[in-house]
Amino acid sequence: MRRALTLAGLAALSVALVISVGGHGPLPQLGSEPAAAADCTWQRQVKRVVKRVKRHGKVRRVVRRKVSWTCVPVAAPPIAAPPAPPAPAPSPVTDPEPEPEANRLAVKAAEFYFVLSRPSVEPGEVTIELNNRGEDPHNLNLLLEGGGGEALVLPETDSEERSVASFDLPAGKYKLWCSLPEHEEQGMTATLQVG
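Residue positions within a chain follow its written sequence, with the count starting from 1. Where local features are concerned, this predicted model is filtered to residues with pLDDT of at least 70; where side-chain atom pairs are given and counted, the filter is 80 or more; whole-chain, interface and lining totals use all residues. Derived side-chain values reflect all non-hydrogen atoms in the structure, with water molecules and hydrogen atoms excluded from consideration.

## Quick notes on the overall build of the protein chain
Phase 1 of the analysis: Here a helix means four or more residues in a row that DSSP labels H or I, a strand means two or more in a row labelled E, and each is numbered from the N terminus. A tally of regular secondary structure across the protein chain gives 1 helix and 11 strands.
Phase 2 of the analysis: N-terminal to C-terminal, the α/β element order of the protein chain is α-β-β-β-β-β-β-β-β-β-β-β.
Phase 3 of the analysis: Partly exposed residues are those whose accessible area sits between 20% and 50% of the maximum for their type, while under 20% is buried and over 50% is exposed, using a 1.4 Å probe and protein chains only. Looking at the protein chain residue by residue over its 195 residues, the buried ones come to 23%.
Phase 4 of the analysis: Note on contacts: a residue pair qualifies if any of its non-hydrogen atoms lie within 4.5 Å across the two residues. If you take every contact in the protein chain between residues at least 6 apart in sequence, the share linking residues at least 24 apart comes to 53%.
Phase 5 of the analysis: When the accessible area of the protein chain is evaluated, it comes to approximately 14500 Å², of which 56% is carbon and sulfur surface. Using the Shrake-Rupley algorithm and a 1.4 Å probe, accessible areas are obtained, with residue cover drawn only from the displayed protein chains.

## Remarks on the environment of V72
Phase 1 of the analysis: Position of V72 among the secondary structure elements: in strand β2 (residues 58-73).
Phase 2 of the analysis: With a relative accessible area of 32%, V72 lands in the partly exposed category.
Phase 3 of the analysis: Measuring from C-alpha to C-alpha, the distance between V72 and T41 comes to 5.1 Å, with 31 residues separating the pair along the chain.
Phase 4 of the analysis: Excluding residues that lie within four positions of it along the chain, V72 makes contacts with C40, T41 and Q43.

## Brief notes about the side chain of H138
Phase 1 of the analysis: Residue placement: H138 occurs in strand β7 (residues 138-144).
Phase 2 of the analysis: We define a polar contact as two N or O atoms separated by no more than 3.5 Å, with the added condition that, inside protein, one atom must be a possible hydrogen donor and the other a possible acceptor, whereas residues neighbouring each other in sequence contribute only through side-chain atom pairs. From its side chain, H138 meets the backbone oxygen of D136 in a polar contact 3.4 Å long.
Phase 3 of the analysis: Engagement of the side chain of H138 in a polar contact is seen with the side chain of H183, the distance being 3.1 Å.
Phase 4 of the analysis: Among residues more than four places away in sequence, those in contact with H138 are A109, A110, E111, L130, N132, P155, E156, T157, C178, L180, H183 and M188.

## Some words on the packing of aromatic side chains
For any two aromatic rings, the description comes down to two numbers: the centre-to-centre distance and the angle of the planes.
Phase 1 of the analysis: Note on aromatic contacts: the rings of Phe and Tyr and the six-membered ring of Trp form a pair at centre separations within 6.5 Å, being stacked when their planes are under 30 degrees apart, edge-to-face when over 60 apart, and tilted otherwise. Applying the stated rule across the entire model yields 0 aromatic pairs.
Phase 2 of the analysis: A ring is considered to have a charge above it if a Lys NZ or an Arg CZ atom is located within 6 Å of its centre and within 35 degrees of its normal. Geometry around W177 places K175 over its ring, the cationic atom sitting 5.2 Å from the centre.

## Describing unusual backbone geometry
Phase 1 of the analysis: F112 follows E111 through a cis peptide bond whose omega is -15 degrees.
Phase 2 of the analysis: Even without glycine at this site, E182 takes up a positive phi of about 65 degrees.
Phase 3 of the analysis: You can see E182 is positioned in the loop between β10 (172-177) and β11 (189-194).
Phase 4 of the analysis: A relative accessible area of 55% means that E182 is categorised as exposed.

## Details of the sheet that holds strand β6 (residues 124-132)
Think of a sheet as strands paired side by side through backbone hydrogen bonds, with each pair either parallel or antiparallel.
Phase 1 of the analysis: Strands are treated as partners if at least two bridges between them are detected by DSSP. Judged by pairing direction, the sheet is mixed, and its 4 strands sit side by side in the order β4-β3-β6-β9 without closing on themselves. In this open sheet, the two strands that pair with only one neighbour each are β4 (113-116) and β9 (162-169). On average, adjacent strands in this sheet sit at an angle of 25 degrees to one another, irrespective of strand direction.
Phase 2 of the analysis: As judged from the 4 bridges shared by strand β3 (residues 104-110) and β4, these two strands associate in the antiparallel manner. Between the N-to-C directions of two axes lies an angle of 0 to 180 degrees, each axis being a line fitted to C-alpha atoms and, for a helix, fitted only over the stretch in contact.

## Let's talk about a positive patch on the surface
Phase 1 of the analysis: Any residue with relative accessible area above 30% and no salt bridge may belong to a patch, with like charges joined within 9 Å and the nonpolar Val, Leu, Ile, Met, Phe, Trp and Tyr side chains within 5 Å. Any Lys or Arg side-chain nitrogen found within 4 Å of a carboxyl oxygen on Asp or Glu counts as a salt bridge. By the counting scheme adopted, Arg and Lys are positive, Glu and Asp are negative, and His together with the chain ends is not counted. Lysine's charge is taken at NZ, arginine's at CZ, aspartate's at CG and glutamate's at CD. A surface patch of like charges, here positive, comprises K47, K51, R55, K58, R60, R64 and K66.
Phase 2 of the analysis: Residue assignment for the positive patch shows that the elements contributing at least two residues are β1 (40-55) and β2.
Phase 3 of the analysis: Per-element tally for the positive patch: the top contributor is β2, with 4 residues.
Phase 4 of the analysis: Position of R55 among the secondary structure elements: in strand β1.

Rendered as structure tokens:
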């Protein structure tokens, strides 16, 4: 009986809201005074909700719509701006802050991929930081494609550690890879354009 009254009370309340709102206009706020039309505009929000329920021993998908109302404040008329304060006295000239190193590359390593902070850098001195975010140790090798020669190597770096090294890189396309057993085969490769 008590549940029936509660459901009946909710039904009556929803009917009263629909009648008072009429599908348009301001919606009264429960527990406070109704909002004035000049204070805000009410917008109806509909969200699709999908639930899985068990009925008659079977799991079924139930799709419902959840409706809510949002008060969008109406802009108040502009207020006259106060007079501008007097300009501050010029400060003494100081040395500008040093600009961050432009030729820096961060490489994030994890199982089994590399993520470069940028696809290309300028030729010359390049600082490379290997940041290992994986569970296994990783290293980083760089080799100029078609250039032959030896690979440049950042040493094996343990999990949650980082290694930093600087190299003089001429212009060209570089292959990056992890040389630990089977890491390259599982996809730990990348390409860097210099120049």
